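# Structural overview
Residue-level listing of the chains:
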Amino acid sequence: MINQHTFNDIAAQISAATHRQFDVTATKSIAGGDINSAFILQGSTQNYFVKLNRANLIDMFAAEFDGLNALANTKTIQTPRPILYGQAEKSSFLVLEYIEFTRMTSSAQRILGEQLANLHQQKQPYFGWTRDNTIGSTPQINTHAYDWATFWREHRLGFQLRRAAENGYSGKLQHLGEKLCARVDDFFTDYTPAPSLLHGDLWGGNIACDAQQRPIIFDPACYFGDRETDLAMTELFGGFGADFYSAYNSVWKLDAGYQTRKTLYNLYHIFNHVNLFGAGYERQAQQMMEQLLSA
Ligand code: ADP
């Protein structure tokens, strides 16, 4: 239960972390997130954005805190500055710089495309990340691997497939999933991606602009992986314009095989939707797998 005590406790922790007294004068609930409750904490001179969830989900916020820092450290693209994460009363929380979001113009879409390509040029020798994190509230395993197809099969598709089995999805979904996992290597016969720093959950609900029309990405699920996975997700639920794609390609052109692999990559998110939001996404997952198996 989130109440005034919770907000006051968070305000005290903000004061300690920023070495600047912060008292909450008002709170405003923000709609839009799928997983957490979100609020603006208003003070007399300063506002903060806070997300809350159950106390035992603190690692989810710790990982998001690290992800936002990893993105910010690249200095390629703007993200909300993470202030702190912690526990207050019966909740865990993440506090970020509050940014007044505005709608994206086509020129902001163009800048976002260029900046995302610059972000993707931040590379590591391995796939995975420094820690596991979450995709939605589902665990996302980032154990290091040096072969991308193995990483994708084990830690992305295979993981979601096993979780779907635990959630009671058997029969056709499992049958198609196992068949596809056995054939993942086929999608990489003439393509070897480099490990790029990814946002990891780049749908239209996780981009915005500030008042100066600078693009902002937020709510990441970072890891080092094939840059095509970020691009694929931008196409899954819409919200990215032609200017975004042409700007991205002008900095770093996509490989022609992306058109096939994007379904393989988006399948991970649709599987996650099956696991998080239920059977309404089962048919879509099956159709995607049938399409991939006939490719
Ligand atoms: P969830 O983790 O539940 O998906 P989000 O991180 O997507 O939550 O945040 C929920 C909503 O809050 C977003 O859709 C966005 O409109 C708003 N929001 C997110 N971060 C900030 C921020 N730093 N400043 C202001 N508003 C934000």
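In case you missed it, the structure is sitting above this.
A brief look at the structure comes next. If you're wondering where the values come from, they're calculated on a predicted model, not measured in any experiment. In every chain, residue numbers begin from 1 and rise along the written sequence. Since the coordinates come from a predicted model, pLDDT governs what is reported: local features require at least 70, and pairs of side-chain atoms require 80 or more to be given and counted, while whole-chain, interface and lining totals use all residues. Side-chain numbers come from the whole structure's heavy atoms, not from hydrogens or water.

## Section: the pattern of salt bridges
A pair is scored as a salt bridge if a Lys or Arg side-chain nitrogen falls within 4 Å of a carboxyl oxygen belonging to Asp or Glu. All told, the structure shown has 11 salt bridges when counted by the stated rule. Arg131 is the salt-bridge partner of Asp66, the closest N and O atoms lying 2.9 Å from each other. One end of the pair, Asp66, is in helix α2 (residues 58-73); the other, Arg131, is in the loop between α3 (106-120) and β6 (133-135), with 65 residues separating them in the sequence. One connected set of salt bridges, linked through shared partners, spans Lys51, Glu64 and Asp219. Here a helix means four or more residues in a row that DSSP labels H or I, a strand means two or more in a row labelled E, and each is numbered from the N terminus.

## A few points about the pairing of strand β2 (residues 37-42)
In short, DSSP must find at least two bridges between two strands for them to pair. Inspection of the sheet shows strand β1 (residues 26-30) paired to β2 by five bridges, in the antiparallel sense. Pairing of Thr27 across the sheet is with Leu41, part of β2. Turn length for the β1-β2 hairpin, with the two strands adjacent in sequence and antiparallel, is six residues, and the turn residue Gly32 shows positive phi of about 125 degrees. Summarising the sheet, β2 and strand β3 (residues 47-54) pair through six bridges and their orientation is antiparallel. Looking across to β3, one finds that Phe39 is bridged to Val50. Between the antiparallel neighbours β2 and β3 lie four residues.

## Describing unusual backbone geometry
Here the phi dihedral of Glu89 falls at roughly 50 degrees; this positive angle occurs in a residue that is not glycine. With respect to the helices and strands, the residue Glu89 is situated in the loop between β4 (82-88) and β5 (91-97). Look at Glu89 and you get partly exposed, because its relative accessible area is 49%. If you check the backbone angles, Asp219 has positive phi at about 55 degrees while not being a glycine. Turning to its location among the elements, Asp219 is positioned in the loop between β10 (215-217) and β11 (223-225). Here the term buried applies to any residue with accessible area under 20% of the maximum for its type, exposed to any over 50%, and partly exposed to those in between, with areas from a 1.4 Å probe on protein chains only.

## Section: helix α1 (residues 4-18)
The length a helix should cover is 1.5 Å for every residue beyond the first. In a regular helix each residue adds 1.5 Å, so 15 residues correspond to 21 Å; α1 covers 21 Å between its end C-alpha atoms and thus fits that length. Listed in full, the buried residues belonging to α1 are Thr6, Phe7, Ile10, Ala11, Ile14 and Ser15. Of the surrounding secondary structure, the elements contacted by the buried residues of α1 are β1, β2, β3, β4 and β5. Put simply, Asn3 is the residue that caps the front of α1, since its side-chain oxygen is 3.0 Å from the backbone nitrogen of His5. Phi turns positive one or two residues past the end of α1, at His19, with a value near 55 degrees. Contact between two residues is taken to exist if any of their heavy atoms lie within 4.5 Å; hydrogens are not considered. Polar contact is defined as a pair of N or O atoms within 3.5 Å, subject to the rule that within protein one atom must be able to donate a hydrogen and the other to accept it, and that residues adjacent in sequence are counted only when both atoms are side-chain atoms.

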